[in-house]
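Given next are the chains, with one letter for each unit.
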Number of protein chains: 2
Amino acid sequence: MRSPTELAQVFRDKQLKLTPQRQLLFSLLHQNQSHPTAESLYEVASKQMPGISLRTIYQTLGELAEMGELQLVDVGIGATRFDPNIADHHHFVCESCQAIHDVDILSAPKMSLQSGEGFAVNEVGVVFRGHCNQCNHKQQFKSPGSQAKNKASK
Amino acid sequence: MRSPTELAQVFRDKQLKLTPQRQLLFSLLHQNQSHPTAESLYEVASKQMPGISLRTIYQTLGELAEMGELQLVDVGIGATRFDPNIADHHHFVCESCQAIHDVDILSAPKMSLQSGEGFAVNEVGVVFRGHCNQCNHKQQFKSPGSQAKNKASK
DNA sequence: TTTCTAATTTGCAACTGATGCTAACTAGCA
DNA sequence: TGCTAGTTAGCATCAGTTGCAAATTAGAAA
Ligand SMILES: [Mn+2]
Ligand SMILES: [Mn+2]
Ligand SMILES: [Zn+2]
Ligand SMILES: [Zn+2]
């Protein structure tokens, strides 16, 4: 996603208004690597702007996504996550704490369909599931046999 | 997922009852490649057993999933899909008709995390999005430039 | 067969995440 | 300073799913 300043320009050019709500969200999303939900953004936004509506959060996120400034990430658990990183990349989801981390496309081989019945593929999404560092450390009480299978190394 | 007969044995062994509802669902799911939703199973089940409850469908699907007989597939659009194919495989989702097709793991390179910060990966899911054969054919009215980018070949 | 009861089904309430609708509000221009 | 198209916020509503408890029943025991 572009910087708040650049987005401001984009919005002006499209005769969209630069409301305080939108500006706040621009700043909350810029360089945000946490893959937040609408709800979690609502919480932090509410601190800086009490009374802001969850409806407006959804509205603005939807607009940004439609403009291609945000990527929607749905990993099948709970709410949609919003990702200002619009570069081609994949995700690791921690099954314990639900945290989502970016997985650089270089780290995973480029996927392509070798066979198939003539599917026209537009995009490929890879989701790695497992346990993050923090959660693995906290889980030392579990039986050794129940550890995750593959440990990725740098 | 195992055959209805095998499942019957499993259920008996666990002193779970072999109700007509369960037996019907076993048969509806066996070798079902359509990745049905609970709702769609409810519809076909209702024809053979009018009055069956949607709640029971959810209940039974949940049990089978917990027993490892079914795989839950969530591709981020609408309802959860249920997959009796529990072999390791991936999915192609048609963005037009929402159909889901199996993508054999052999067709796509085995994924693994090369870098990362010590994530312990349990499973990898790959979702290919695009347009299926049928939908591509029906979309000949669209501008040529808007075609899908990659056409998979056998 | 009949009886018994733990397992199951069912209907309905409730819940989460998200969107539709619209009256009230306001950014930004004239 | 006023105007107005665009925006916000509140509330209703929706889809998908789960919680709950009363009614039903599979299957073992008598
Ligand atoms: Mn990301
Ligand atoms: Mn499948
Ligand atoms: Zn974690
Ligand atoms: Zn299709």
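If you're wondering where the values come from, they're calculated on a predicted model, not measured in any experiment.

## Remarks on the packing of aromatic side chains
Residue and element names in this part refer to chain A.
For step 1, the next point in the chain: Counted according to the given criterion, the structure contains four aromatic pairs over all chains.
For step 2, the next point in the chain: Centroid distance F11 to F26: 5.0 Å. Interplanar angle 65°. Geometry classified as edge-to-face. In this pair, F11 sits in helix α1 (residues 4-13) while F26 sits in helix α2 (residues 20-29), placing the two residues 15 residues apart along the sequence. The burial state of F11 is the same as that of F26; both residues are buried.

## What about the coordination of the zinc ion (ligand 4)?
Residue and element names in this part refer to chain B.
For step 1, the next point in the chain: Bound to the zinc ion (ligand 4) are the protein donor atoms C94 (SG), C97 (SG), C132 (SG) and C135 (SG), situated 2.2 to 2.3 Å from the metal.
For step 2, the next point in the chain: If you look at the zinc ion (ligand 4), its four donor atoms make angles of 107 to 115° with each other, and the shape they trace is tetrahedral.
For step 3, the next point in the chain: Each donor residue of the zinc ion (ligand 4) belongs to the same chain, and together they define the spacing C-x2-C-x34-C-x2-C. One end of the pair, C97, is in the loop between β3 (89-94) and β4 (100-104); the other, C132, is in the loop between β5 (120-131) and α5 (133-138), and 35 residues separate them in sequence.

## Some thoughts on the coordination of the manganese ion (ligand 1)
Residue and element names in this part refer to chain A.
For step 1, the next point in the chain: Only H35 (NE2), D83 (OD), H89 (NE2), H91 (NE2) and D102 (OD) from the protein reach the manganese ion (ligand 1) as donors, at distances of 1.9 to 2.2 Å.
For step 2, the next point in the chain: Summarised as a motif, the one-chain spacing of the donors to the manganese ion (ligand 1) is H-x47-D-x5-H-x1-H-x10-D. Residue D83 is found in strand β2 (residues 81-83), and its partner D102 is found in strand β4 (residues 100-104); the two are separated by 19 residues along the sequence.

## Quick word on the protein's contact with DNA strand C
For step 1, the next point in the chain: As a structural note, the neighbourhood of DNA strand C is formed by 18 residues, with A:R55, A:T80, B:T19, B:R22 and B:T56 the closest of them.
For step 2, the next point in the chain: Among the atoms of DNA strand C close to the protein, meaning within 4 Å, 67% are from sugar or phosphate groups.
For step 3, the next point in the chain: Here a phosphate oxygen of DNA strand C and a side-chain polar atom of B:T19 are 2.5 Å apart.
For step 4, the next point in the chain: Mapped by element, the contributors of at least two residues to the surface near DNA strand C are α4 (54-66) of chain A together with α2 (20-29) and α4 (54-66) of chain B.

## Structural notes on the domain arrangement of chain A
All names here are of chain A.
For step 1, the next point in the chain: Domain parsing of chain A yields domain 1 (1-84) and domain 2 (88-154).
For step 2, the next point in the chain: Contact with domain 1, which involves eight residues of that partner, is made by nine residues of domain 2.
For step 3, the next point in the chain: Of the roughly 730 Å² buried where domain 1 meets domain 2, counting both sides, 55% is carbon and sulfur surface.
For step 4, the next point in the chain: Contact with domain 2 buries surface across domain 1, with H35, V75 and I77 losing the most and accounting together for 58% of the total.
For step 5, the next point in the chain: Counting across the domain 1 and domain 2 interface gives zero salt bridges.
For step 6, the next point in the chain: Our enumeration of links across domain 1 and domain 2 arrives at seven residue pairs in polar contact (both at pLDDT 80 or more).
For step 7, the next point in the chain: Among the residues making up the side of domain 1 that touches domain 2, the classes are represented as three nonpolar, three polar and two charged.

## Some remarks on helix α3 (residues 38-48) of chain A
Residue and element names in this part refer to chain A.
For step 1, the next point in the chain: Regarding α3, the residues found buried are A38, L41 and A45. Projection of α3 onto a plane perpendicular to its axis shows the buried side chains occupying an angular sector of 60°, all on one side. The exposed set on the far side of α3, more than 90 degrees from its buried face, consists of E43 and K47.
For step 2, the next point in the chain: On its buried side, α3 packs onto α2, α4 and β2.

What counts, and at which threshold
Residues numbered from 1 in each chain as written. Chains lettered and ligands numbered in written order. Predicted model: local features only at pLDDT ≥ 70, side-chain atom pairs only at ≥ 80, totals over all residues. Heavy atoms only, no water. Phe/Tyr/Trp six-rings, centres within 6.5 Å; stacked < 30°, edge-to-face > 60°. Helix = DSSP H or I, 4+ residues; strand = E, 2+ residues; numbered from the N terminus. Buried < 20%, exposed > 50% of the residue type's maximum accessible area, 1.4 Å probe, protein only. Donors = N, O, S within 2.8 Å, 3.2 Å for Na, K, Ca; no water. Tetrahedral: all angles 85-135°; square planar, octahedral: opposite > 155°, others 65-115°. Near = heavy atom within 4 Å. Polar contact = N/O pair within 3.5 Å; in protein donor to acceptor, adjacent residues only side chain to side chain. Domains from an automatic or database assignment. Contact = heavy atoms within 4.5 Å. Buried area = accessible area lost by both parts, 1.4 Å probe. Salt bridge = Lys/Arg side-chain N within 4 Å of Asp/Glu carboxyl O. Nonpolar A, V, L, I, M, F, W, Y, C, P; charged D, E, K, R; others polar. Arc of directions from axis to C-beta.

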